[in-house]
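Listed below, chain by chain, are the residues.
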Amino acid sequence: MSGSEWDGEFEGDKDGEKRDKAPRAPRPARAARAARPGRRRGALIPTLVVLVVLAIATSAFAGVWTDYLWYDSVGFSKVFTTVLGTRVLLFAVGFLVAAALIAASLILAYRHRPFYVPVAESNETLEQYREAIEPVRRWLALGIPLVVGALAGAALSSQWRIYLLWRNQVRFGTDDLHFGKDIGFFVFSLPWILSILSFLTMILIAAILAGGVTHYVYAGLTLPGRGPSTRAALIQLGGLGAALALVRAAAFWYGRYALVVKQSSLMTGIGYTDDHAILPTRVILAFAAVVCAILFLSVIVTHSWRLPMIGVALLAILTVVVGTIYPAIVQSVKVNPSQKALETPYLQKNIDATRTAYGLDGIDVTPRYDAKTTATAGQLRDDAATIPGIRLVDPIVVAPTFRQLQALKDYYAFPDALDVDRYTIDGKESDMVVAVRELNLDGVPSAQRNWLNDHTVYTHGFGVVAAYGNRRAPDGGPVFAERNIPSTGDLPRFEPRIYFGEQSPDYSIVGGVAADHALEFDYQDKSGQKNTTYAGTGGVPIGSFLRQAAYAIKYKEVNFLLSNTVSAQSRILDHRTPLDRVKRVAPWLTLDGNPYPTVVDGRVLWVVDGYTTSDHYPYSSLQNLDQATSDSTTERLSSVTAITSGNVNYLRNSVKATVDAYDGTVHLYAWDESDPVLRTWMKTFPGTVEPTTAIKGTLMSHLRYPEDLFKVQRQMLSRYHVEKAEDFFGGNDFWKVPDDPAQEGQNVFQPPYYLTLQMPEQDRPTFSLTTTFMPTGDREVLSGFLAVDSDAGNQDGVKATGYGKLRMLVLPRDSSVKGPGQVQNDINSSNDNSPDVALTLSQFLNTNRSAGSKVTLGNLLTLPVGGGLLYVEPIYVSANTTSAYPLNRVTVVAFGDKLAWAYTLEGALNGLFGGDYQGDGTPTTPTSPQTPGNPGTPSSGDVAALDKALQDLQKAFADGQAALKAGDFAKYGEAQKAAQDALARAIAAAPKSGTASVTN
């Protein structure tokens, strides 16, 4: 349309003056307003607005600057600038595109409104709208594009991860099983393409609404039957409608590829109906949307909405008919009657892809592990080397014991879930239960709680505590390999100060005074309080006024500027938890919920496992990480958390990260260097991830297979251990993860357990992570046992060839091997049938539960031994007092239909296998006949005397702790003597062993 044609229909109105259909007298209200004298606007409101804007800008600048200082202090400033730059870029693009399109739509609609509104089309309501809008029209013309632009920019900015993956993608080197495209297209490109199409759809709809409403209010757009719309409205809205139709055509086209991750009740991926009904119709719909775009453009010639409306109606009908009804007919008429035959090829793709995406394709399976169920003499002979590695110290149960025995002061704390590690002591590798003694400000007396003490005096924890996993003290307590303050024990010497930990304060200001005027509380010994000054390189220097002011704004604390403890040498330690530090430097990782501490080269390092994930791996089944990684530990304890990053269908433990507990240094090590997702992120953030070869041997020997990955894998294996689609289809051989029998009355998954064990095909015991399976349904028998080699490498820094090897024992379907729930039921109801044992296990449990004590069931461990499956459960007893802590009183073992219990594991095994084991791992011949006094022979014990001794022992310990707090060493000595006497009486009265046969 030529310029003259536009001018012939509309007045240009270059100055934006108000036009109307005819001059008319002003309304009374308008006249009254016009008659009012002008008033001076006060300066208060503009001043307040300026101050608010300045405050917001200053706060934002302080936040950004302090964040940059933090990233620079840990050597990851490239991550900060890349993420910030990408987000700013995407926001700017989204804002400009959306704001420009909305503004253009509003301006064009207003500037080309009709100069005259025919009387027939006059509408009092629209007139009122126009009058109401006119005073604020310019503000609306500015505000609406700004608001929509900001929302669109924020939406696009939030997609920075998928943008960076698309921009820096590498090839997987494997094609998908349907379209023949590299898997990288689906994982990296498709999410970004779909995101852009969604973004364009949103802003085009907004532009159509903005232009359409403006045209309607100013009478350029009329409803059907009320006269013609202006040509300007037809051209503008027709062009926007055509653009929207083209975007939807692209969405239909690329939506075909998204079907590879479509979720159904049977599987994930393209099924028969998708292949034969939905895929062809998506092509048809894409073509129809292009035709619809052409019909929208036809309004330029026809000056009518008729053809576009017909096109939209037909497209909607076509979408319903060919996009919904037709596939439903195909599914019900053709697929459902022959579903197994038709879906089997597609289901097989789902099985193969799922096993690959979750790292299950290399699993070693013993297809028919015909486990023995009869315990006989000599059965431990081949597996005796495994027995010494059985961990009896439950890291969940003994946390209160660690706190009572090793916290030493109220302002120290241990997590409620301890960790398992390995150390070589005297040339022999031993499993250890470990914990860091961290600072707990809640334990500081309330009278001493103030800003100065909280942030400059109490700054760090002190030391590591470790207990041998397979040893117990005579009183049932742990045998500590590392203990006390200052630290002493069998572990290599290390820097004991813990400035970065799971319970560290939000921030501490350290290093601000000379060493001879040390302010930070270090520890207390017999000679008094020891102070220290932080000498590490961690944290951000805050010696300048500007930095102090920035942190004062960030933490809303004026003491940064006023306190004399903040000096030119001061450093601030913040973002101190291991998970937070790793998450900040590697925001593209999904992190394991259970970091663990280890002593390496004289430093305490936190080890954090990092995962790369995707939810667009073709044909692989989606799994909710929160559900898969939840178990009885995450449900009960706050220090171990489930992963909460939603659904994934691709998972790799691609990174091992460490955080130095003294200076906060973060290292990221590539662990699965073949992972394309990791290689893409390494390309995005070059130099941030170190190669596997950079891992020192001293660290390598402490790395382990991560729990959360194993939890997800076992959840997938509960179905995808079935490798053939024909067998998978019916679901008759599906499994489930057992509930934790130690949590009586609760339906929560049993956690996996770290154990040193020897699988049937292995030639030596290996540190492993284990779990069991049961069949779905009501049968509580065992259907499978899974272990993964968890030794990452040795002291030479060589990655173990067997690391990560999944090994599974599949029991026959008619197996009668009891599951964990049945074994726990046998333990709780065990009746002794031996004349030499007067006290049964159930009597022991009931007596302690009813005598003012608390019985805690330890982890029920399962391991292949003697050609069958051996269950081992430590049982703890504690008094019902606030200062009481659990002690391992007895250990129960079960094999087949027989169980035994004793004060020690050795005694229980000898009772179960007829004297076939002694404590050094050497098989022995059974002592027969058994007589009182012989090693391993059951004795009844004295229940009343044992109970009295236990109560006296707990009281003596409580009295001793109270005496220590009061500084009364005389009373402390008396309490120690009383404890020794009670301990001797408890040992004498305790049952030495017991056996029971359980009938089905």
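The rules we used
Residues numbered from 1 in each chain as written. Predicted model: local features only at pLDDT ≥ 70, side-chain atom pairs only at ≥ 80, totals over all residues. Heavy atoms only, no water. Helix = DSSP H or I, 4+ residues; strand = E, 2+ residues; numbered from the N terminus. Buried < 20%, exposed > 50% of the residue type's maximum accessible area, 1.4 Å probe, protein only. Contact = heavy atoms within 4.5 Å. Areas by Shrake-Rupley, 256 points an atom, 1.4 Å probe, with all protein chains shown as cover. Salt bridge = Lys/Arg side-chain N within 4 Å of Asp/Glu carboxyl O. Core = buried A, V, L, I, M, F, W, Y, C linked by side-chain atoms within 4.5 Å. Phe/Tyr/Trp six-rings, centres within 6.5 Å; stacked < 30°, edge-to-face > 60°. Lys NZ or Arg CZ within 6 Å of the ring centre and 35° of its normal. Patch = residues over 30% accessible without salt bridge, like charges linked within 9 Å, V, L, I, M, F, W, Y side chains within 5 Å. Pairing = 2+ DSSP bridges. Axes fitted to C-alpha atoms, helices over the stretch in contact; angles between N-to-C directions. Parallel < 35°, antiparallel > 145°, perpendicular 65-115°, else oblique. Left-handed = near helix turned anticlockwise from the far one by under 90°. Nonpolar A, V, L, I, M, F, W, Y, C, P; charged D, E, K, R; others polar. Polar contact = N/O pair within 3.5 Å; in protein donor to acceptor, adjacent residues only side chain to side chain. Arc of directions from axis to C-beta.

Caption draft 1: Quick look at the overall build of the protein. On a plain count of helices and strands, the protein comes out with 29 helices and 33 strands. Burial statistics for the protein: of 1000 residues in total, 53% are counted as buried. Considering only contacts in the protein between residues 6 or more positions apart, those separated by 24 or more positions represent 70%. In the form shown here, the protein has an accessible surface area of approximately 43,400 Å², with 57% of it arising from carbon and sulfur atoms.

Caption draft 2: Fine view of the pattern of salt bridges. If you walk through the whole model with that rule in mind, you get 27 salt bridges. Put simply, Lys554 and Asp67 hold a salt bridge, and the shortest N to O gap is 3.8 Å. Linking Lys554 in helix H16 (residues 545-555) with Asp67 in helix H3 (residues 44-73), this pair joins segments that are 487 residues apart in sequence. Residue class for Lys554 comes out partly exposed when judged on its relative accessible area of 23%. Overall, the relative accessible area of 23% leaves Asp67 in the partly exposed class. By sharing partners, the salt bridges in this structure join Asp364, Glu761, Asp789, Lys805 and Arg807 into a single network.

Caption draft 3: Structural view of the nonpolar core. Residues Trp588, Leu668 and Leu703 are the most contacted members of the largest nonpolar core, which totals 125 residues. Ranked by residue count, the leading element in this core is helix H8 (residues 183-217), at nine residues. Other than its neighbours up to four places away in sequence, Leu703 contacts Arg422, Tyr596, Val607, Lys656, Trp671, Ile695, Ser790 and Ala792. Ranked by size, the runner-up nonpolar core spans 49 residues in total, among them Tyr369, Val865, Tyr871 and Ala900.

Caption draft 4: Representation of the packing of aromatic side chains in the model. Tallied over the full model, the rule gives 45 aromatic pairs. Of the aromatic side chains, those joined through ring pairs into one cluster are Phe179, Phe185, Phe186, Tyr254 and Tyr257. Across the ring face of Tyr257, the terminal group of Arg256 is positioned such that the distance to the ring centre comes to 4.8 Å. The ring centre of Trp70 lies 4.5 Å from the NZ or CZ of Arg584, which sits over that ring.

Caption draft 5: Representation of the side chain of Thr658. Within the secondary structure, Thr658 sits in strand S21 (residues 650-660). A relative accessible area of 3% means that Thr658 is categorised as buried. Once residues within four sequence positions are removed from consideration, Thr658 is found in contact with Leu605, Trp606, Val607, Thr665, Val666, His667, Tyr669 and Leu699.

Caption draft 6: Region of interest: a nonpolar patch on the surface. On the surface, a nonpolar cluster with roughly 770 Å² of combined accessible area is contributed by Leu307, Ile310, Leu314, Ile317, Val320, Val321, Ile325, Ile329 and Val333. The topology assignment puts Ile317 in helix H12 (residues 306-335).

Caption draft 7: Representation of unusual backbone geometry within the structure. With an omega dihedral of -10°, the bond running from Ile485 to Pro486 counts as a cis peptide bond. We note that His575 has phi near 50°; this positive angle belongs to a residue other than glycine. Tracing the chain through its elements places His575 in the loop between strand S15 (571-574) and helix H18 (578-585). Note on His575: relative accessible area 16%, which makes it buried.

Caption draft 8: The environment of Thr374, seen in detail. One can find Thr374 in the loop between strand S1 (364-366) and helix H14 (399-406). In this structure the C-alpha to C-alpha distance between Thr374 and Gly866, which are 492 residues apart in sequence, comes to 9.7 Å.

Caption draft 9: Geometry of the environment of Phe91. Locating Phe91 in the fold gives a position in helix H4 (residues 77-111). For the pair formed by Phe91 and Ala150, sequence separation is 59 residues and the distance between their alpha carbons is 7.7 Å. Sequence-distant contacts of Phe91, that is, excluding residues within four places in its chain, are made with Ala150, Gly153, Ala154 and Ser157.

Caption draft 10: Up close: the sheet that holds strand S14 (residues 540-541). Taken in spatial order, the three strands of this open sheet run S11-S15-S14, and their pairing is antiparallel. Two strands close off the open sheet at either side, each with one partner strand: strand S11 (507-510) and S14. Bridge count for S11 against S15 is four bridges, and the pairing is antiparallel. Across the sheet, the residue bridging to Val510 is Arg571, located in S15.

Caption draft 11: Broad picture of the packing of helix H13 (residues 339-357) against helix H23 (residues 707-720). The N-to-C vectors of H13 and H23 enclose an angle of 155°; their axes lie 11 Å apart at closest approach. By the angle between their axes, H13 is roughly antiparallel relative to H23. When you trace H13 past H23, the crossing you get is left-handed. Facing H13, whose interface residues are Asn350, Ile351, Thr354 and Arg355, H23 presents Met716, Leu717 and Tyr720. Its residues assigned to classes, the contact of H13 with H23 comprises four nonpolar, two polar and one charged.

Caption draft 12: Region of the structure containing the sheet that holds strand S7 (residues 464-468). The strand order across the open sheet built from five strands is S3-S4-S7-S8-S9, with neighbouring strands paired in antiparallel fashion. Both edges of this open sheet fall to strand S3 (419-425) and strand S9 (488-489), since each of them pairs with a single strand only. Contacting strand S4 (428-436), S7 and strand S8 (480-483), H14 runs over the sheet at an angle of about 50° to S8.

Caption draft 13: Just the side chain of Asn649, in detail. By the element assignment, Asn649 lies in the loop between strand S20 (647-648) and S21. Its relative accessible area of 0% is what places Asn649 among the buried residues. A polar side-chain atom of Asn649 sits 2.9 Å from the main-chain carbonyl oxygen of Tyr617. Setting aside residues no more than four positions away along its own chain, Asn649 makes contact with Val261, Ala357, Tyr358, Ser614, Asp615, His616, Tyr617, Ser620, Ser621 and Leu622.

Caption draft 14: Region of interest: the packing of helix H7 (residues 160-167) against helix H21 (residues 676-684). As a packed pair, H7 and H21 sit with axes 9 Å apart at the nearest point and diverge in direction by 95°. As judged from the angle between their axes, H7 and H21 are roughly perpendicular. Two secondary-structure elements touch here, H7 through Arg161, Leu164 and Leu165 and H21 through Thr680, Trp681 and Thr684.

Caption draft 15: Focus on helix H5 (residues 124-133). Inspection of H5 places Leu126, Glu127 and Arg130 among the buried residues, and these make up the whole buried set. All buried residues of H5 lie within an arc of 105° about the axis, which places them on one face of the element. Structurally, H5 contributes buried residues whose contacts are with H8.

Caption draft 16: Inspection of the pairing of strand S17 (residues 596-600) at higher detail. In terms of residue burial, S17 counts as a mostly covered element, since five of its five residues are buried. Of the two faces of S17, the one lined by Tyr596, Thr598 and Val600 and the one lined by Pro597 and Val599 are each fully buried. Taken together, the five bridges between S17 and strand S18 (residues 603-614) define a ladder with antiparallel strand orientation. Considered in S18, the bridge of Val599 is made with Val604. Counting the residues between successive antiparallel strands, the hairpin from S17 to S18 contains two residues, one of them, Asp601, with a positive phi of roughly 50°.

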